[in-house]
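# Commentary on secondary and tertiary structure
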Amino acid sequence: MGIEDNNMRNGRGLSDQWADSMVVRPRTTERSITVHKKLVLGFAISILTLIVVTAIAVLLSVRFEECAGESSSRGGNGSNAKFNGSRDGNGNHKDEEAQPWRHLRLPTSLRPRHYDLRLSVYMDNFTFSGEVNIEFECVNSTKFIVLHTDRLEVEKVAVYSDNKKPGVMRIHRQFHYPGNQVYVIALHRELKPMRTYKVNITFDAQIESELLGFFRSSYMLQGERRYMAVTQFSPTHARKAFPCFDEPIYKATFRVSLRHDASYLSLSNMPVEASISDDDGWVTNHFSRTPRMSTYYLAWAVCNFTYREVTTDSGVVIRLYARPNAIQSGAGDYALHITKRLLQFYEDYFKVKYSLPKLDLLAVPKHPYAAMENWGLSVFVEQKILLDPEVSSFSYQMELTMVVVHEICHQWFGDLVTPVWWEDVWLKEGFAHFFEYVGTDFLFPKWNMEKQRFLTDVLHEVMLLDGLASSHPISQEVYDATDIDRVFDWIAYKKSLKYVIVPLQDYLMTHMYSNAGRDDLWNKLTEAMQKEGKDINIKEVMDCWTLQMGYPVVTISKNYSLDHSVTITQEHFVYDREARFRDPDLFNRSLQWQIPLTLALGNSTYKSSEVILWISNKTETHKVGRMDDDMWLLGNINQTGYFRVNYDLHNWRLLIGQLMTNAEIISVGNRAGLIDDVFNLARAGYLPQNVPLQIICYLPQEREFLPWHAASRSLYQLDKLLDRTEDYSLFSDFVLKQVASKYHKMGWPLALTEGSIIQASYQTEELQREVIMLACSFGNKHCHRQAVSLISDWISSNKNRIPPNVRDIVYCTGVSLMDEDVWEFIWMKFHSTTAISEKKVLLEALTCSDNGFLLNRLLNLSLSSDLVPDQDVIDVIIHVGRNPHGRHLAWRYFREKWDILNSRYGEALFMTSKLISGVTEFLNTETELNELKEFIQISGGGAGPALARAVEIVEANVRWHSLYERQIFQWLRKSPNG
């Protein structure tokens, strides 16, 4: 599943749209093996931990939200726990049997084998009726059939025996238990083990307007509003559409039939097997039987869409369904054709064929997530799959590509092999995010995704979250079913893939059409290592990283003596270092990691080859070769490890001097890593505040995109702390001085002329965009004049010649600087454009205004009318909050409308967490902190984990001001560059 997240700054500051991905990648091993084996294992583990530590981003992007009545788990780490005993911790079948509906997980007594599901869909009044026949096997004797249902009106129930004495079984009683969203059927006599039975249930329900279960959506076509209906079952919402065993472990086959008005078409996971037309103008589509799959991957849709199709070399039919005008314009062609290439790529890469005869891509007007990987029927929100090349930016194309790559990978990791339970959901999301970068690199090698964008868009982002005191281990008990954020990807060491590909194929083949837990993966990888002659227990190695919260900071100090040694220490990195005293139970534990530290020496003209040191103690001393006083040390070469690196101040000065004189001695990845590390170390109090400002003084000489991108992300973080201070201009002027020469050298992309699309190389275009964004965000007058000129030309000529790659910057800057008429013009264009990507950019630009009245108007219109799509309402509130002129408005609006927002989006995982984070992350005064705490008390803390994290972040912002604001401005006043 992909989760939508945009980080576009408003007002003065604009943040790059690429700041929404995160991932991590620690490498560990055992200390006792030989140096040669350590190197080999280090390469293998570096790949493995990419997949594992996805869970950090997954679980930290939003702590598992409480969802009344949804499942919980206290076990099942591996496949051996699939059906063994009770999963609510009592381990006693008799206790489970007493009142099984009261347990958070379904009882293990029954196991579904097949569903026959027949639905009649009434689009005129948005209702549906259904009948489901579930064939199930009895594992342990029981008198109770417990199924998940939510918001279903059950009409009739019958239970049949399929064994030696077939017939109807007497029902003692039946009732709905809403606390756990289950329907209970109590029988007069027991169901017997090793026998199969059937339960038949008829029911009625609403096609909801909220974005979960079986819900409706609408769009305009030739001035007429059209409706469609589609499903979103992940993680626990299949129960809203039919009674079922709604947990991922309960895989079964499905045969779906959909009856509806013949003016609509219907889709499901499998192709239509038979279509029967009725005399009353209705049609019934019978779909083929699915393979064994979990309920949350079942899907169907009823719509008026049209499609285009392609066929792979292996005969798989791929269709993209969308609004007729989108299909006619060719907006789906790009996604359709890369999907064909990707399906063939994954088949070759995994050496496992795609399992279904077809794959449909469905573009829907609204959806709670960027996409959902339903097997054979993947659903995408329109703006993540439809592309108009004439108005879409390079960044938009790249983001769309990665969403498609991610979802297609899920057809193997997720659909074919499914996690046992949600605590291991990182298995499927990890692989999908891992292959986002592999797959995108396959499609567009020149984008250089796997070696570069990972660092800033994934690693750096997740380390921000994992450095919080409220972080937690990757693997932990999950008590409420939830879903996963899109945050993982791939980095260097392709040669180590030989240690991973074999177990991946073996892993898929062993667990296909079934479930797997993390221990299943560890076992396969251990077997692969043993085949290579390496007697390594991967589970023991990885538990070091998966069962501890956070990550370490490694401090390297040169011992200025004749023995050329260095002292290396490790400690748990946390932004709030005072948390150690507030929560001694948590932080007094001796957290230690096995750390593969790569290290190199260098000076103004030379850099040594890297060595690898395995650090497993709190403090160690190592000899690393001859070190003169003018030689610097550089750790974590190319940022292949998941940790931060600090140095003694003299070494920092040497590194800064190297960057100023000849930066290219240090690799691009390490230059970006140094920038990210130094800003975050200073923010957490490990370094003086002037060190990060000194390091970016080399940027005018920097020619590569990646260090600029790392710097801009760090500067925007600092900007949000300073943008309402009296001396803010000292900071903004300092930033502009670093940007000015590069801005004037690179200039602006050429304006579009009639029928032309101007594109520079990817690296040039992205660097140019980054520099323009910084210049306009921090107030470069030439940048402002250029943006105003482009907007004025558009208004006067009614021809938009603004290059697509900078339209978001130009629109936002123009709206913030120009009068109300420009805001109205952008509002009009937002409603009139049919290009999905353009619509999104225009809406975000409206939040950039300095006019409080207009911002309030936009906030009210977004929530109280259908002028703004449901999934974009939260983005509007967040973007207004990112605008310094709208921050207080969004914060007040959020509190006033919390009940409405929470009722509308509360069940859509990540929606409320995304909103809470987006609205509060820029608060930084004592007053705002007190308002946040008061709001939590009044609201009852419905989104507890997200609100707790918000408090920690705002407290950190306030604390930073009291400790470090004066230091920053004192240095800026004295610095020649400031």
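Parameters and conventions
Residues numbered from 1 in each chain as written. Predicted model: local features only at pLDDT ≥ 70, side-chain atom pairs only at ≥ 80, totals over all residues. Heavy atoms only, no water. UniProt positions renumbered as here; feature names shortened; annotations may be inferred. Helix = DSSP H or I, 4+ residues; strand = E, 2+ residues; numbered from the N terminus. Buried < 20%, exposed > 50% of the residue type's maximum accessible area, 1.4 Å probe, protein only. Contact = heavy atoms within 4.5 Å. Areas by Shrake-Rupley, 256 points an atom, 1.4 Å probe, with all protein chains shown as cover. Pairing = 2+ DSSP bridges. Expected span 1.5 Å × (residues − 1). Phe/Tyr/Trp six-rings, centres within 6.5 Å; stacked < 30°, edge-to-face > 60°. Lys NZ or Arg CZ within 6 Å of the ring centre and 35° of its normal. Disulfide = S-S within 2.5 Å. Axes fitted to C-alpha atoms, helices over the stretch in contact; angles between N-to-C directions. Parallel < 35°, antiparallel > 145°, perpendicular 65-115°, else oblique. Left-handed = near helix turned anticlockwise from the far one by under 90°. Nonpolar A, V, L, I, M, F, W, Y, C, P; charged D, E, K, R; others polar. pLDDT = per-residue confidence, 0-100. Polar contact = N/O pair within 3.5 Å; in protein donor to acceptor, adjacent residues only side chain to side chain. Core = buried A, V, L, I, M, F, W, Y, C linked by side-chain atoms within 4.5 Å.

Identification of the protein chain as Aminopeptidase from Oncorhynchus mykiss is taken from an unreviewed UniProt entry. Of the protein chain, the UniProt comment under Function (unreviewed entry) reads exactly: "Specific inactivation of TRH after its release." Recorded in UniProt for the protein chain, the comment headed Subcellular location (unreviewed entry) runs: "Membrane".

Scanning the protein chain from N- to C-terminus turns up 29 helices and 30 strands. When burial is assessed residue by residue, the protein chain has 65% of its 978 residues classed as buried. Of all intrachain contacts in the protein chain linking residues separated by at least 6 positions in sequence, the fraction that spans at least 24 positions is 75%. For the protein chain, the exposed surface amounts to about 33400 Å²; the carbon and sulfur share of it is 49%.

The 5 strands lie next to each other as E16-E17-E18-E20-E19, forming an open sheet whose pairing is mixed. Each edge of the open sheet carries a strand with a single partner, namely strand E16 (306–311) and strand E19 (371–372). Two strands pair when backbone bridges link them, and E19 and strand E20 (residues 377–381) are joined in this way by 2 bridges, in the antiparallel orientation. Paired with Ala 371 across the two strands is Phe 380, which belongs to E20.

Turning next to helix H4 (residues 333–350). Between its first and last C-alpha, H4 extends 26 Å over 18 residues, near the 26 Å set by a 1.5 Å rise per residue. Listed in full, the buried residues belonging to H4 are Tyr 334, Ala 335, Leu 336, Ile 338, Thr 339, Leu 342, Leu 343, Phe 345, Tyr 346, Glu 347, Tyr 349 and Phe 350. One or two steps after H4, the chain reaches Lys 351, where phi turns positive at roughly 55°.

Going through the model one piece at a time under the given rule, you end up with 56 aromatic pairs. For the pair Tyr 115 and Phe 242, a centre-to-centre distance of 5.8 Å together with 90° between the ring planes defines the contact as edge-to-face. Taken as a pair, Tyr 115 in strand E1 (residues 110–122) and Phe 242 in the loop between strand E10 (224–232) and strand E11 (253–261) lie far apart in primary sequence, 127 residues in all. Each member of the pair, Tyr 115 as well as Phe 242, carries the same accessibility label: buried. Put simply, the rings of Phe 345, Tyr 346, Tyr 349, Phe 350, Tyr 354, Trp 412, Phe 413, Phe 431, Phe 435, Phe 442 and Tyr 507 touch in pairs and so form one group of aromatic residues. When the ring centre of Trp 421 is taken as origin, the NZ or CZ atom of Arg 105, which lies over that ring, is 3.8 Å away. Residue placement shows Arg 216 over the ring face of Phe 126; its charged tip is 4.4 Å from the ring centre.

Looking at the secondary structure, you find Phe 215 in strand E9 (residues 213–221). Looking at Phe 215, the relative accessible area reads 0%, which means it is buried. Note: C-alpha distance between Phe 215 and His 367 (152 residues apart in sequence) is 9.4 Å. Discounting residues that sit within four places of it in the chain, Phe 215 has contacts with Ile 207, Glu 208, Glu 210, Met 228, Ala 229, Val 230, Thr 231, Gln 232, Lys 366, His 367 and Pro 368.

Let's shift gears to the state of the cysteines. Taken as a whole and judged by the stated rule, the model has 2 disulfides. Note on cysteine connectivity: Cys 776 is disulfide-linked to Cys 783, with sulfurs 2.0 Å apart. Of note, the bridge from Cys 776 to Cys 783 carries an S-S torsion of about -95° and is left-handed in sense. Assigned by exposure class, Cys 776 and Cys 783 land together as buried. Paired by a disulfide, Cys 812 and Cys 848 hold their sulfur atoms 2.0 Å apart. Its S-S torsion of approximately -105° makes the covalent link between Cys 812 and Cys 848 left-handed. Here Cys 812 is found in helix H20 (residues 807–817), whereas its partner Cys 848 is found in the loop between helix H22 (836–846) and helix H23 (852–864), with 36 residues between them in sequence. In this structure, Cys 812 and Cys 848 share a single accessibility class: buried.

Time to look at the packing of helix H16 (residues 705–722) against helix H18 (residues 762–777). Working note: a packed helix pair is described by the angle between its axes plus the distance between those axes. The interhelical angle for the contact between H16 and H18, taken along N-to-C directions, is 25°, at an axis separation of 9 Å. In terms of orientation, H16 lies roughly parallel with respect to H18. Between H16 and H18 lies a crossing of left-handed hand. Note on element contacts: H18 touches H16 through Tyr 762, Gln 763, Glu 766, Leu 767, Glu 770, Val 771, Met 773, Leu 774 and Ser 777, opposite Phe 705, Trp 708, His 709, Ser 712, Leu 715 and Tyr 716. Residue composition of the contact of H16 with H18, by class: 9 nonpolar, 4 polar and 2 charged.

This part is about the confidence of the model for the protein chain. Per-chain confidence: the protein chain averages 83 in pLDDT, with 82% of residues scoring 70 or above. Throughout residues 51–92 the model reports pLDDT below 50, and contacts reaching past four residues in sequence, or to other chains, amount to 165 contacts. Under a pLDDT of 50 for its full length, residues 481–502 has, in the predicted model, 116 contacts with residues more than four places off or in other chains.

The residue His 961 is located in helix H29 (residues 944–974) in this model. Of the polar contacts made by the side chain of His 961, one reaches the side chain of Glu 965; its length is 2.7 Å. Setting aside anything within four residues of it in sequence, one finds His 961 in contact with Leu 721, Thr 725 and Asn 924.

Take the sheet that holds strand E15 (residues 300–303) next. Here we have 4 strands laid out as an open sheet, ordered E9-E10-E15-E12, and antiparallel in their pairing. Single-partner strands in this sheet number two, and they are E9 and strand E12 (265–268). Sheet twist, expressed as the average angle between the axes of neighbouring strands with direction ignored, equals 15°. With 4 bridges joining them, E12 and E15 adopt antiparallel strand pairing. Within the sheet, the bridge partner assigned to Leu 267 lies in E15 and is Ala 301.

Residues Phe 242, Leu 362, Trp 412 and Phe 435 are the most contacted members of the largest nonpolar core, which totals 302 residues. Considering each element in turn, this core owes the most residues, 13 residues, to H29. Non-local contacts of Phe 435, meaning those with residues more than four positions away in its chain, are made with Tyr 346, Tyr 349, Phe 350, Val 405, Cys 409, Phe 413, Thr 440 and Leu 504.

Pairing between E1 and E11: 7 bridges, direction parallel. Pairing of Asp 116 across the sheet is with Arg 255, part of E11. Of the pairings in the sheet, the one linking E11 to strand E14 (residues 282–287) comprises 5 bridges and is antiparallel in character. What sits directly across from Leu 258, in E14, is Asn 285.

Now for unusual backbone geometry. Phi is mostly negative for residues that are not glycine, and the peptide bonds are mostly trans. Cis geometry marks the peptide bond from Ser 234 to Pro 235; its omega dihedral reads 0°. With respect to the element layout, Pro 235 can be found in the loop between E10 and E11. The backbone phi angle of Tyr 513 is positive, close to 65°, even though this residue is not glycine. Its place among the elements puts Tyr 513 in the loop between helix H8 (498–511) and strand E22 (514–516). Residue classification places Tyr 513 among the partly exposed positions, given a relative accessible area of 27%.

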